[in-house]
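# What the coordinates show
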Amino acid sequence: MSSPLRAVQIGAGSFCKRYHAPVLNRLAAVQKQISLEAICDLDQERAAEFSREFGYARVYGDFERMVEELQPQLIYCMVHPAATSSVLERLLPRGIPIFTEKPPGVTVEEAERLAELARLHKTMNFVAFNRRAMPGLLRLKSWAEENGPIRYLRAEMLRNGRLEKNFAVATAIHALDCLRFLAGDVRDVETHCTPSSSQGAADFHVRIGFNSGAVADLAVLVDCGLTRESYLVHAGRRMMEVTLRPPYSSSFCCVKERHYVDETVEVSETQGEELENGGFFGEHKLFLEAVLSGRLPNCCLQDARHSLRLATAVQCQYSGPLSGFRPELQS
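The text that follows walks through the structure, step by step, so that each part is easy to find. (Residues numbered from 1 in each chain as written. Predicted model: local features only at pLDDT ≥ 70, side-chain atom pairs only at ≥ 80, totals over all residues. Heavy atoms only, no water.)

## Points about the sheet that holds strand β15 (residues 320-321)
Pairing within the open sheet is mixed, and its nine strands lie in the order β14-β13-β12-β11-β7-β10-β9-β8-β15. One side of each edge strand has no neighbouring strand; the edge strands of this open sheet are β14 (264-268) and β15. Here strand β7 (residues 150-158) runs beside strand β11 (residues 228-235); their pairing, made up of eight bridges, is antiparallel. Residue Ile150 lies in a different strand from β11, and its bridge partner there is Ala235. Lying over the sheet, helix α8 (residues 173-183) contacts β7, β8 (186-195), β9 (202-210), β10 (215-221) and β11, oriented at roughly 160° with respect to β7. (Pairing = 2+ DSSP bridges. Helix = DSSP H or I, 4+ residues; strand = E, 2+ residues; numbered from the N terminus. Contact = heavy atoms within 4.5 Å. Axes fitted to C-alpha atoms, helices over the stretch in contact; angles between N-to-C directions.)

## As for the nonpolar core
Core analysis: the biggest nonpolar cluster contains 104 residues, and Ile34, Met66, Tyr76, Leu153 and Ile208 have the highest contact counts within it. The greatest single-element share of this core, amounting to eight residues, is contributed by α8. (Core = buried A, V, L, I, M, F, W, Y, C linked by side-chain atoms within 4.5 Å. Buried < 20%, exposed > 50% of the residue type's maximum accessible area, 1.4 Å probe, protein only.)

## Notes on the packing of helix α1 (residues 14-29) against helix α2 (residues 44-54)
Running from N to C, α1 and α2 point in directions that differ by 45°, and their axes come no closer than 10 Å. Considering their axes alone, α1 and α2 lie oblique with respect to each other. Classified by chirality, the crossing of α2 by α1 is right-handed. Facing α1, whose interface residues are Cys16, Lys17, Ala21, Pro22 and Asn25, α2 presents Glu49, Phe50, Glu53 and Phe54. Residues of the contact of α1 with α2, tallied by class, amount to five nonpolar, one polar and three charged. (Parallel < 35°, antiparallel > 145°, perpendicular 65-115°, else oblique. Left-handed = near helix turned anticlockwise from the far one by under 90°. Nonpolar A, V, L, I, M, F, W, Y, C, P; charged D, E, K, R; others polar.)

## As for α8
In an α-helix there are 3.6 residues to a turn, and that puts residues three or four apart on one side. By the criterion of burial, α8 is predominantly enclosed, with eleven of the eleven residues buried. The set of residues buried in α8 consists of Ile173, His174, Ala175, Leu176, Asp177, Cys178, Leu179, Arg180, Phe181, Leu182 and Ala183. Immediately beyond the C-terminal end of α8, within one or two residues, lies Gly184, with a positive phi of roughly 100°.

## Focus on the pairing of strand β2 (residues 34-40)
Of all the seven residues making up β2, seven are buried; the element is thus mostly covered by neighbouring parts of the structure. Two elements, strand β1 (residues 5-10) and β2, share six bridges in a ladder whose sense is parallel. Bridge assignment links Ala7 to a residue of β2, and that residue is Leu36. In terms of handedness, the path from β1 via α1 over to β2 forms a crossover that is right-handed. Regarding the hand of the β-α-β motif, the stretch spanning β2, α2 and strand β3 (residues 58-60) is right-handed. (Right-handed = clockwise from strand over helix to strand, strands pointing away.)

## What to know about the sheet that holds β1
As summarised here, the arrangement of the six strands in space is β3-β2-β1-β4-β5-β6, forming an open sheet in which the pairing is parallel. Strands at the two margins of the open sheet, each flanked by one partner only, are β3 and β6 (125-128). Each strand axis lies, on average, 20° off the axis of its neighbour in the sheet, ignoring direction. Pairing geometry for β1 and strand β4 (residues 74-77), over four bridges, is parallel. Residue pairing for β4: Ile10 is matched across the bridge by Cys77.

## What to know about helix α4 (residues 81-91)
For α4, the full list of buried residues reads Thr84, Ser85, Val87, Leu88 and Leu91. Lining the buried residues of α4 we find β1, α3 (63-70), β4, β5 (98-101), α5 (108-120) and α11 (301-315).

## Examining the pairing of β6
Across the two faces of β6 the burial is the same, with Asn125 and Val127 and Phe126 and Ala128 all buried. Pairing of β5 with β6 involves four bridges; the strand directions are parallel. Looking at β6, one finds that Glu101 is bridged to Ala128. What joins β5 to β6 is α5, and the crossover it makes is right-handed.

So, in structure tokens, the structure goes:
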């Protein structure tokens, strides 16, 4: 058996603690695919707690020093989105494979710059849009490929008490990226925005046209009394619908998969633990497969920039050809 890949991690926040660190711990302690050489965080006390809980060998407060001293084979970047670009800009030229949380920067300009750095230095990279690794959505994509071409898609992202002004870029980007994952490149977008609160939050109703000719409708409601996220694909004379499991849907929501054909419906139960259903095991597996094979995954900086561009267009309430969207010109 080959030796585990030596890995370091930057960032020890609460999201990583809940979702990523348990997966990395299992990959190291159980499957022996990686070794957790070090954890780095500006809060070294938090990093030390992370180290004790999940089995990292060392603690650092300076990520560049950590990488220089340890010369890892893998880097996991789990920093706050506002810091992602500055960290990756210093890491990508090293050519070490990088797994990073979304978004790929907080502006289109940052995303384009990171994508170019990854291309220029031929750095293997993976952006954690976890919907692309959720078992239910992978089944939906496989079904669409078997029954296509896709004619229509419908998605909803319903949330409760989510009043962030930048919700489209920070969170709804997941739904927009998933629609791209299912249907391909976007041709144009039509955005309708409705204020949801006096705090600047807004609901979005989005229609997307794809180069394939498919059309998608997305409803994003940020404060509607429940949480639910679902995706429906219409191909030929059939439809399939997937509703995501908690925490992406409230516990009382029906999260079964449905197949519709000729006025009949077939309902499938979905099983599995949260980290598997949420795509976290899947995305880390895909990253390691990409590293070992040397084949750039479809969920990389070079592709993720297009999802950030689409999300930014929606946030800016833009309608028109996506190629014509210029974020620097939006007020």
